[in-house]
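So the chains spell out like this:
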Number of protein chains: 2
Amino acid sequence: MSATLRQVAERAGVSVRTVSNVVSGFALVAPETRSRVQAAIDELRYRPNAAARHLRGGRSGLIALAVPEIASPYFSELAGLLAEEAGRRSLLLSIQQTGGDAKVERTLIDGVPGQTVDAVILSPWALSPAEITHRASDVPVVLLGEQDAGGLFDHVAVDNVAAARETTRHLIERGHRRIAAVGLQPHLGNGTATRRLEGYRQALAEAGLTADPTLEIPVARLHRTDGADAFTALRGRADAAFCFSDQLALGLMSAALRHGLTVPGDLAVAGFDDVEDGRYGNPPLTTVAPDKEAIARAALDCLEDRPAGAPARRVVAGHRLVVRAST
Amino acid sequence: MSATLRQVAERAGVSVRTVSNVVSGFALVAPETRSRVQAAIDELRYRPNAAARHLRGGRSGLIALAVPEIASPYFSELAGLLAEEAGRRSLLLSIQQTGGDAKVERTLIDGVPGQTVDAVILSPWALSPAEITHRASDVPVVLLGEQDAGGLFDHVAVDNVAAARETTRHLIERGHRRIAAVGLQPHLGNGTATRRLEGYRQALAEAGLTADPTLEIPVARLHRTDGADAFTALRGRADAAFCFSDQLALGLMSAALRHGLTVPGDLAVAGFDDVEDGRYGNPPLTTVAPDKEAIARAALDCLEDRPAGAPARRVVAGHRLVVRAST
DNA sequence: TTGAAAGCGCTAACAT
DNA sequence: ATGTTAGCGCTTTCAA
């Protein structure tokens, strides 16, 4: 066990109050006293006890990030940015994996069991905002990737409809007519896929193309293997594919190449997320790049000086279409 | 603020002791009393204050994972496994990114500033164990990927020498003679690259091949772009490349393909880590697959009942060579 | 500028 | 089976 404030005080021949002042650096302390206290601190290798501070101060400096799975490139890139931004604000980021399980998600909006977290940043998957009517705690929550949190929670997301519209339009401009949308997730409460589908359909309509429901491909998850499955489901019926994640796009593209197709010659492929794999893909992947730094910053901004009872904030982060060799 | 134990006790007409017993579930409580207390807990939406528990109990249930960067696939996959395993043990995992900075690494072996963590799991990069002669705190530390922690810290790693030897031998068996080793990091304290180089040289020697220093390529970092740079440095001089990470291998492979070479025809490529990108690469990547689950489990095992003053543990996790189409 | 002391919410030793 | 209470280490109000 490390030394306590009291021990340092005795050693320096002052009161705990003075030591506390020196440690926190706030109140005025006579230079001579300060150096004596500092000496005692060094000798005793004093380190403030965070638990006591937290009990006293009510804040823990810990925030929880809850994502379906951290190993997924989009989430790990976002987590890296969030961790960095948190560090800048003297906050520590913890990670929780929901596995896309509704029960876990529901638990986590009340905080992390057995921990005091100052806030929860949740990327919901199974749960729709409508399914969260009340909660047991009042920990501030920020929802990631949601466009509408029912007024209950702060949320930050890119404009999924617009991004999908732009991407689909790009495919149309490239001369494609049978464009598939890959990545519907009708079984999930999470509205992201729905919004991207909406943008896709809008672009088709604007171009006077009729949507073909058989080109709208649902997936079980957003992994590469699901992209490969989508290729099978699609076989030959499309000349372009707009995938709702880069992982799907990469999986689909690799399946296409394995089957002897050329990309983008026989099949143009676009993704969503702009993860590193896509940038170095073969060919490099056209994708929607959400402004992840902005998302990370906005999520943490939502947690600063959260006025109790204030209306939920809604932040729309930027995005841009990055055209690469796959289209 | 949530209700306190005392408030619950008053509400139920019992003492705090009894409520505490009900909450923790340990001591015996009369069924009738228990249900009355439970009712009060529910009505008041009581949730135990973790900070108070931690102050009292001395343990925080928080452990820190410190890696160079969480967005790197190997680390994010490992983090996912660690988070899962931690959850199984009612522990919460926090993440810290060192950026491979020696100063940050040195700070973190004393715990996370401003937080009480029960332990630190550090994947050192810049720091060699020899550079850590003393520390300010006594937080348990587990080093990841180190084969030798100077007797000071627990550490878990795969047998890098053996793994590198097997991989190189595999390349030799495939008929390659001019085999490059890509990924030396002479500027880093971290001994991983050194050990892999050692295994590589051993395999060459065993096969009666003389090592060619110009085929041993140093890199700045372990990203894809460094692999691409290595391809340039290597141009034409090798018929196979053993890369010390999958990211390097993927980058090198993609550069080779871009330059019109075939893989493995003109250049065979092997990696290390077995990250998901490699499995779905084009072609899929031959690689060393460390037993990441075992690493995660072992790291947390090291933290359970850590007897003070016990000698540092050394765990060697398993690995296997996964041969795919790139060789 | 510094000291004394209350109290954050909880657990557990001691008592009944 | 349950009540009483000290004290974990810190911050901060009140006094001096």
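Residues numbered from 1 in each chain as written. Chains lettered and ligands numbered in written order. Predicted model: local features only at pLDDT ≥ 70, side-chain atom pairs only at ≥ 80, totals over all residues. Heavy atoms only, no water.

**Some thoughts on the interface of chain A and chain B**
Then, number 1: With 45 residues of chain A at the contact, the number on the chain B side is 45 residues.
Then, number 2: Regarding the contact of chain A and chain B, the summed buried area is about 3,800 Å², with carbon and sulfur atoms giving 55% of it.
Then, number 3: The interface formed by chain A and chain B includes two salt bridges.
Then, number 4: Among the ionic pairs, Asp277 of chain A bridges to Arg224 of chain B, the shortest N-O distance being 3.6 Å.
Then, number 5: Counting across the chain A and chain B interface gives 14 residue pairs in polar contact (both at pLDDT 80 or more).
Then, number 6: At the level of elements, α4 (50-57), α5 (73-88), β2 (92-97), α9 (224-234), α10 (246-258) and α11 (276-279) of chain A are the ones that each hand at least two residues to the side of chain A that touches chain B.
Then, number 7: Of the residues belonging to the side of chain A that touches chain B, the class tally is 17 nonpolar, 18 polar and 10 charged.
Then, number 8: Note that β2 of chain A and strand β2 (residues 92-97) of chain B share three bridges and pair antiparallel. (Contact = heavy atoms within 4.5 Å. Buried area = accessible area lost by both parts, 1.4 Å probe. Salt bridge = Lys/Arg side-chain N within 4 Å of Asp/Glu carboxyl O. Polar contact = N/O pair within 3.5 Å; in protein donor to acceptor, adjacent residues only side chain to side chain. Helix = DSSP H or I, 4+ residues; strand = E, 2+ residues; numbered from the N terminus. Nonpolar A, V, L, I, M, F, W, Y, C, P; charged D, E, K, R; others polar. Pairing = 2+ DSSP bridges.)

**Comments concerning helix α9 (residues 224-234) of chain B**
Helical geometry note: an α-helix holds 3.6 residues per turn, so side chains three or four residues apart project in the same direction.
Then, number 1: The set of residues buried in α9 of chain B consists of Arg224, Asp226, Gly227, Ala228, Ala230, Phe231 and Leu234 of chain B.
Then, number 2: Tucked into the core, α9 of chain B has its buried residues touching α11 of chain A together with β6 (179-184), β7 (216-218), α10 (246-258) and α11 (276-279) of chain B.
Then, number 3: Directly after α9 of chain B, the chain includes Gly236 of chain B, whose backbone phi takes a positive value near 80 degrees. (Buried < 20%, exposed > 50% of the residue type's maximum accessible area, 1.4 Å probe, protein only.)

**Concerning the pattern of salt bridges**
Then, number 1: Inspection of the entire model under this criterion finds 36 salt bridges over all chains.
Then, number 2: Ionic pairing is found between Glu304 of chain B and Arg89 of chain B, a salt bridge with its closest N-O pair at 3.9 Å. Taken together, the residues Glu304 of chain B in the loop between α12 (292-301) and β11 (314-317) and Arg89 of chain B in the loop between α5 (73-88) and β2 connect sequence positions 215 residues apart.
Then, number 3: Its relative accessible area of 36% is what places Glu304 of chain B among the partly exposed residues.
Then, number 4: Residues participating in the shared-partner salt-bridge network are Glu84, Glu85, Arg88, Arg89, Asp301 and Glu304 of chain A.

**Let's talk about the nonpolar core**
Soluble, globular proteins show a tendency: their nonpolar side chains are buried together.
Then, number 1: In terms of nonpolar packing, the biggest core is built from 153 residues, with Val182 and Leu252 of chain A together with Val182 and Leu252 of chain B touching the most fellow members.
Then, number 2: Every residue in contact with Leu252 of chain B, bar those within four places of it in the chain, is listed here: Val182, Gly227, Ala228, Ala230, Phe231, Leu234, Ala241, Cys243, Leu267 and Val269 of chain B.
Then, number 3: In this structure, Ala149 of chain A together with Ala64, Leu92 and Leu127 of chain B belong to the second largest nonpolar core, which totals 34 residues. (Core = buried A, V, L, I, M, F, W, Y, C linked by side-chain atoms within 4.5 Å.)

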